[in-house]
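Descriptive analysis of the structure
What follows is the residue order along each chain.
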Amino acid sequence: MAIETQPRPIVVYQEIGEIETLIAGFHDHSLPLASWSHQAHLTVGIWYLMRMSAEAATPLIREGIRSYNLSQDVPNSDSRGYHESITRFYIWAVGKYLSLADRSLPLVELTNRLVASEHGSKQHPFRYYSRDRLLSVAARRGWVEPDLAPLD
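Let me sum up the structure you'll find in this document.

Notes on helix α5 (residues 107–116)
Where burial is concerned, most of α5 is hidden: 7 out of the 10 residues are buried. Leu107, Val108, Leu110, Thr111, Asn112, Leu114 and Val115 are the residues of α5 that are buried. Along its buried surface, α5 packs onto α1 (16–28), α2 (38–49) and α4 (84–100).

Next up, the structure:
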């Protein structure tokens, strides 16, 4: 019997209908707040970036998150809600992931692989940003360049 040397990928979605339901709930604000997880954010990001450029997707994702938050009584304030630098960082990270991925794979597989990848990790931004810089009000309110490593 062979010993598995690499961890099995995280399986977030079994079928495309699960992604379509999440995206529809995000757009019409029916997605329960408890379901608005890091994985859900990544799913929204990959869904947009599979359909359009980062330049076209960024304002749609930004306004979508802000609107969704308000619909769930989450204020977009200095301490809660929308975070510009984290959102833009993950748009970059998902784009980077897609540039390395086989885009002919089904969206379910691409999304599951993204979630399991370094690019989808919650810790990934901290390779580029110090904690204080990324979690600052300035970074929440606007784009702040990374201070540890440049985005390539």
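Next comes the rest of the description.
Examining the packing of aromatic side chains
Scanning all chains against the criterion turns up 10 aromatic pairs. On the numbers, 5.2 Å between centres and 55° between planes, the contact of Trp36 with Tyr68 is tilted. Here Trp36, found in the loop between α1 and α2, pairs with Tyr68, found in helix α3 (residues 54–71); they are 32 residues apart in sequence, far enough to count as distant. For the residue pair Trp36 and Tyr68, the accessibility class agrees, reading buried in each case. Ring centres of Phe89 and Tyr128 lie 5.5 Å apart, and the angle between their planes is 55°; this geometry places the pair in the tilted category. Of this pair, Phe89 sits in helix α4 while Tyr128 is found in the loop between α5 and α6 (131–134), placing the two residues 39 residues apart along the sequence.

Calculation notes
Residues numbered from 1 in each chain as written. Predicted model: local features only at pLDDT ≥ 70, side-chain atom pairs only at ≥ 80, totals over all residues. Heavy atoms only, no water. Buried < 20%, exposed > 50% of the residue type's maximum accessible area, 1.4 Å probe, protein only. Helix = DSSP H or I, 4+ residues; strand = E, 2+ residues; numbered from the N terminus. Contact = heavy atoms within 4.5 Å. Phe/Tyr/Trp six-rings, centres within 6.5 Å; stacked < 30°, edge-to-face > 60°.

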